[in-house]
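Structural characterization, general
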Amino acid sequence: MLKQYTCIICPNGCEIEADVENQEIRSITGHTCKRGEEYVRQEILAPKRTIASSIVVKNGELPLASVRLTKPIPKDMIFPAMEEIKRITVTAPVQAGTVLLSGICGTDSNVVCTKTVNACE
């Protein structure tokens, strides 16, 4: 079965075609660099995603702070990871770069704050 992918690794946006049968890759064509082939292999065999979201900040100058994962996680763990992220609440001040949750869903990815939120004065 032929599957179509648009590579998102670099600005070229190669249109890549993979011939896949029974989860076995028979061929990959259309990539202009090795990274495109690696991207499609990962998408077929073990797709991963990263998450960017926000968390509640108590007593902050802003009600929310942005967060992201430090590494992509398996695609099928996105919803359980989002459930864990939704439960995170911090009290201001919180600094960008602060790890708020280590090893989300048992992975080697952490939830890190990407926005500094100072306390209300």
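Below, the structure is looked at part by part.

Definitions and cut-offs
- Residue indices begin from 1 for each chain and proceed along its sequence in written order.
- Under the rules for a predicted model, residues below a pLDDT of 70 receive no local features and side-chain atom pairs below 80 are neither given nor counted, while totals for whole chains, interfaces and linings still include all residues.
- The side-chain quantities take in all heavy atoms of the structure and omit both hydrogens and water.
- For the purposes of this entry, the term helix denotes a DSSP run of H or I that reaches at least four residues, the term strand denotes a run of E that reaches at least two, and both are numbered from the N terminus.
- Think of it in three bands: residues with accessible area under 20% of the maximum for their type are buried, residues over 50% are exposed, and the middle band is partly exposed, with areas taken using a 1.4 Å probe on protein chains only.
- By this definition, two strands are paired if DSSP reports at least two bridges between them.
- The convention used is that axes are lines fitted to C-alpha atoms, helices contributing only their stretch in contact, and that angles between N-to-C directions extend from 0 to 180 degrees.
- We call two residues contacting when some pair of their heavy atoms lies within 4.5 Å.
- Two cysteine sulfurs form a disulfide in these notes if their separation is within 2.5 Å.
- Whenever Lys or Arg places a side-chain nitrogen within 4 Å of a carboxyl oxygen from Asp or Glu, that contact is recorded as a salt bridge.

The subject of this paragraph is the side chain of Glu43. For Glu43, the location among the structural elements is in helix H1 (residues 34-45). Note on Glu43: relative accessible area 14%, which makes it buried.

Within a regular beta strand, the side chains point alternately toward one face of the sheet and then the other, so they alternate between its two faces. The sheet contact formed by strand S2 (residues 15-21) and strand S3 (residues 24-29) spans 5 bridges and is antiparallel. Along S3, the bridge assignment pairs Asp19 with Ser27. Adjacent in sequence and paired antiparallel, S2 and S3 are bridged by 2 residues, among which Asn22 carries a positive phi angle near 55°.

To continue, consider the sheet that holds strand S10 (residues 111-113). Spatial ordering of the open sheet is given by S8-S5-S6-S10-S9, a layout of 5 strands whose pairing is mixed. At either margin of the open sheet sits one strand with a lone partner, and together these are strand S8 (89-91) and strand S9 (99-101). Sheet twist, expressed as the average angle between the axes of neighbouring strands with direction ignored, equals 40°. As paired strands, strand S5 (residues 52-58) and strand S6 (residues 64-69) are joined by 5 bridges and run antiparallel to one another. Residue pairing for S6: Ala52 is matched across the bridge by Arg68. Docked against the sheet, helix H2 (residues 78-86) engages S5, S6, S9 and S10, running at close to 20° with respect to S5.

As for its position among the elements, Ala119 is in the segment after S10. For the pair Ala119 and Cys33, spaced 86 residues apart in sequence, the C-alpha separation works out to 48 Å. Among all residues touching Ala119, those that are not within four sequence positions of it are Asn59, Gly60, Glu61, Ala92 and Pro93.

Taken in spatial order, the 3 strands make up an open sheet running S1-S2-S3, and their pairing is antiparallel. Across the chains shown, the open sheet's two edge strands, defined by having one partner strand only, are strand S1 (2-6) and S3. This sheet shows a mean twist of 25° between the axes of neighbouring strands, independent of strand direction. In terms of strand pairing, S1 meets S2 through 5 bridges, oriented antiparallel. Each bridged residue has a counterpart across the sheet, and for Thr6 the counterpart in S2 is Glu15.

Within the structure shown, the criterion is met by 0 disulfides. Residue Cys33 stays outside any disulfide, its sulfur separated by 4.7 Å from that of Cys10, the closest cysteine. Not part of a disulfide, Cys120 finds its nearest cysteine sulfur in Cys113, a span of 15 Å.

Turning next to the pattern of salt bridges. Applying the stated criterion to the full structure yields 5 salt bridges. Note that Glu37 is salt-bridged to Arg41, the shortest N-O span being 3.1 Å. Highlighted residues: Glu37 and Arg41, both in helix H1, separated by 4 residues, approximately one helical turn. Two residues, Lys86 and Glu83, come together in a salt bridge whose shortest N-O distance is 3.1 Å. Here the residue Lys86 and the residue Glu83 both occupy positions in helix H2, the gap between them amounting to 3 residues, near one helical turn.

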